[in-house]
Amino acid sequence: MTQPVLGILTLYLNEAGLLEERSVYQKMTSAGRKLGLSVFVFTPKDVNYTENKIHAWFYEPDSKTWSRRWTSFPNMIYDRCRIQRTYRFEQLKKFRKTYGHLTFLNRMLRNKWTVHRTLSKDDRFKDYLPATKYVDNIQIVTEFLRKYPLVYLKPINGTGGRGILRIEKRKDGLLHIQGRDQERRIIRPQNISSAGLSSYLAPWDLESNRYIAQQGIQIKLASGRVHDYRMLVQKNGEGAWEVTGCAGRIGAAGSITSNLHGGGHAETMSNLLNEWLRDESKAEQVKQEAEELGVAIAAYLELNYGRLCELALDLAIDRKGGIWLLEVNPKPAREVFAQAGEKEVYRKAIIRPLEYALWLYNQKKRKKAKEKPAAVADNRPGLKYDAH
């Protein structure tokens, strides 16, 4: 019997055909083989729209080699495409528009601002959301700095810590500004007056680049490095949301974000949270509350945006154990668990989308089988079938 096929949709990073998560796709292909699921990788550039064929990448676990060949469309598509400011993202938009009727494990999530507004509509989540506003003008930032001692400015479509600024009010009235540019490089920290804020921010062009201002949470460790927690929530092999794992992330020296790509490193949540709260029983309560929150948010966002199979929640936890949702990532990396030494969690993080894909495939198969007798009966000459 033919195996179901999963196509992993991604984007090339350059003209040489570099794929960002090739090692992860290799692991998924090997795991898929054991589960009875064929896996290949492709980008919108590899699609022949006239013949509805794909010039896909296939990994061979035995020889550990990649090769390309033309193939039909898969039964399901797992979208791993991250935002790019290139023509390749336009190719992706065309693909989604043309083939949006196919079975996707995950649909697009919206930008940071839209997701924040969606979550704000449900009273269950309000206490977990830092105050956030869309930056129409510099006055928004000034108002936030009057209300909060710490403010973050984030591009609504930014990833990996790019273009983020951290502004903190000092006791002497000056503003301490740190951040990363669009290439993730740490910018030189500066102290400026409130009057100088507008001219400092002018080159960042917050309005055109579509930024939000967000209430900052104090999450600096004794070392002066910031930290947060990356929670991965995924659908399991029964189609239900479940927390796969949660790991702590500690930023590089001088960094305002904890991203691993920006030089951060990972630790287990338990170790980092116990160090931060200095109360094991409180840490356990916070962990449980965070997991319940993660599952509730995933289910709610799926109701609003269509089918999803996984989300990463970036969480800050304050000194009192209060949980704050910093942002939601629909295309999460898994390496944080490998770096934290949580091998079993990392294995689950790789395998769960495959298990969910098989579950979804079987659900659709059963649905078709139930519909088939009606279609057969309806086509018989002289017989009418009333489905109701």
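Calculation criteria
- Residues numbered from 1 in each chain as written.
- Predicted model: local features only at pLDDT ≥ 70, side-chain atom pairs only at ≥ 80, totals over all residues.
- Heavy atoms only, no water.
- Helix = DSSP H or I, 4+ residues; strand = E, 2+ residues; numbered from the N terminus.
- Rg over C-alpha atoms; globule rule 2.2 N^0.38 Å.
- Buried < 20%, exposed > 50% of the residue type's maximum accessible area, 1.4 Å probe, protein only.
- Contact = heavy atoms within 4.5 Å.
- Areas by Shrake-Rupley, 256 points an atom, 1.4 Å probe, with all protein chains shown as cover.
- Lys, Arg positive; Asp, Glu negative; His and termini not counted.
- Charge placed at Lys NZ, Arg CZ, Asp CG, Glu CD.
- Pairing = 2+ DSSP bridges.
- Axes fitted to C-alpha atoms, helices over the stretch in contact; angles between N-to-C directions.
- Parallel < 35°, antiparallel > 145°, perpendicular 65-115°, else oblique.
- Left-handed = near helix turned anticlockwise from the far one by under 90°.
- Nonpolar A, V, L, I, M, F, W, Y, C, P; charged D, E, K, R; others polar.
- Core = buried A, V, L, I, M, F, W, Y, C linked by side-chain atoms within 4.5 Å.
- Expected span 1.5 Å × (residues − 1).
- Patch = residues over 30% accessible without salt bridge, like charges linked within 9 Å, V, L, I, M, F, W, Y side chains within 5 Å.
- Salt bridge = Lys/Arg side-chain N within 4 Å of Asp/Glu carboxyl O.

Enquirer: Could you give an account of the overall build of the protein chain, with specific residues and numbers?
Expert: Helices and strands together make up the secondary structure of the protein chain, namely nine helices and 17 strands. For 388 residues, the compact-globule estimate of 2.2 N^0.38 gives 21 Å, and the protein chain sits close to it at 23 Å. Each of the 388 residues in the protein chain was classed as buried or not, and the buried ones make up 51%. Of the contacts made within the protein chain by residues no fewer than 6 positions apart, 63% connect residues no fewer than 24 positions apart. Surface accessibility of the protein chain: about 19,300 Å² in total, with carbon and sulfur atoms responsible for 49%. Across the protein chain, the centroid of the 64 positively charged side chains sits 4 Å from that of the 43 negatively charged ones.

Enquirer: I'd like a rundown of the pairing of strand 13 (residues 227-235), residues and numbers included.
Expert: With nine of nine residues buried, strand 13 is to be regarded as a mostly interior element. Burial along strand 13 is two-sided: His227, Tyr229, Met231, Val233 and Lys235 and Asp228, Arg230, Leu232 and Gln234, pointing in opposite directions, are all buried. Alignment of strand 13 against strand 14 (residues 241-250), held across nine bridges, turns out to be antiparallel. From the neighbouring strand, His227 faces strand 14, where its bridge partner is Ile250. Hairpin connection between strand 13 and strand 14: a loop of five residues separates the two successive antiparallel strands, and Gly239 in this loop has a positive phi of roughly 80 degrees. Where strand 13 and strand 16 (residues 310-317) come together, six bridges link them in antiparallel fashion.

Enquirer: A description of the packing of helix 6 (residues 269-277) against helix 7 (residues 280-305) should follow, citing residues and the corresponding values.
Expert: Two elements in contact, helix 6 and helix 7, have axes whose closest approach is 9 Å; the angle formed by their N-to-C orientations is 125 degrees. One way to sum up the angle between helix 6 and helix 7 is to call them oblique. For the pair helix 6 and helix 7, the sense of crossing is right-handed. For the pair formed by helix 6 and helix 7, the contact residues are Met269, Ser270, Leu273, Asn274 and Leu277 on the first element and Glu280, Lys282, Ala283, Val286 and Lys287 on the second. Of the residues assigned to the contact of helix 6 with helix 7, the class counts are five nonpolar, two polar and three charged.

Enquirer: Which residues make up the nonpolar core, and what are the values?
Expert: Membership of the largest hydrophobic core comes to 36 residues, with the highest contact counts inside it found for Leu119, Tyr229 and Leu301. Counting only elements with at least two residues in this core, the list comes to helix 3 (112-120), strand 13, strand 14, helix 6, helix 7, strand 16 and strand 17 (323-329). In terms of residue count, the dominant contributor to this core is helix 7 (nine residues). Sequence-distant contacts of Leu301, defined by excluding residues within four places in its chain, comprise Leu109, Val115, Thr118, Leu119, Gly306, Leu308, Leu311 and Val328.

Enquirer: Go over the packing of helix 3 against helix 7 with me, naming the residues and quoting the values.
Expert: Direction vectors running N to C along helix 3 and helix 7 enclose 105 degrees, while the axes themselves pass 11 Å from each other. If you check the angle between helix 3 and helix 7, you find them roughly perpendicular. Here Thr114, Val115, Thr118 and Leu119 of helix 3 come into contact with helix 7, specifically with Ile297, Tyr300, Leu301, Asn304 and Tyr305. Its residues placed into classes, the contact of helix 3 with helix 7 shows six nonpolar, three polar and no charged.

Enquirer: Lay out the sheet that holds strand 17 with the relevant residues and their values.
Expert: Pairing is antiparallel in the open sheet, where five strands are placed in the order 15-14-13-16-17. Unpaired on one side and paired on the other, strand 15 (265-268) and strand 17 mark the two borders of the sheet. Averaged over all adjacent pairs, the angle separating strand axes in this sheet is 35 degrees, with direction ignored.

Enquirer: I'd love a proper account of helix 1 (residues 22-35), names of residues and values included.
Expert: Across its 14 residues, helix 1 extends 20 Å between first and last C-alpha, which sits within 8% of the 20 Å expected from 1.5 Å per residue. Within the span of helix 1, buried status applies to Val24, Tyr25, Met28, Thr29, Ala31 and Gly32. The first or second residue beyond helix 1 is Gly36, which carries a positive phi of 90 degrees.

Enquirer: Summarise a negative patch on the surface; cite the residues concerned and give the values.
Expert: A cluster of acidic residues, Glu284, Glu289, Glu291 and Glu292, forms a negative patch at the surface. Within the secondary structure, Glu284 is located in helix 7.

Enquirer: Can you lay out the pattern of salt bridges for me, pointing to particular residues and giving the numbers?
Expert: Under the criterion given, the structure shown has 24 salt bridges. Where Glu310 meets Arg80, a salt bridge forms, and the shortest distance between an N and an O atom there is 3.3 Å. Separated by 230 residues along the polypeptide, Glu310 in strand 16 and Arg80 in the loop between strand 6 (76-79) and helix 2 (87-98) bring together distant segments of the chain. A salt bridge links Glu344 to Arg347, with the nearest nitrogen and oxygen atoms 2.9 Å apart. Of the two residues, Glu344 and Arg347 both sit in helix 9 (residues 343-379), three residues apart, roughly one turn of that helix. Each of Glu20, Glu21, Arg80, Arg82, Glu310 and Arg334 takes part in a single network of salt bridges with overlapping partners.

Enquirer: Hey, could you go over the environment of Ala56 for me, with residue numbers and the actual values?
Expert: In this structure, Ala56 sits in strand 4 (residues 53-60). Accessibility expressed as a relative area gives 0% for Ala56, which makes it buried. Here the alpha-carbon distance between Ala56 and Leu9, two residues 47 residues apart in the chain, equals 9.9 Å. Each residue touching Ala56, except ones within four places of it in the same chain, is listed here: Phe40, Val41, Phe42, Ser67, Arg68, Arg69 and Thr71.

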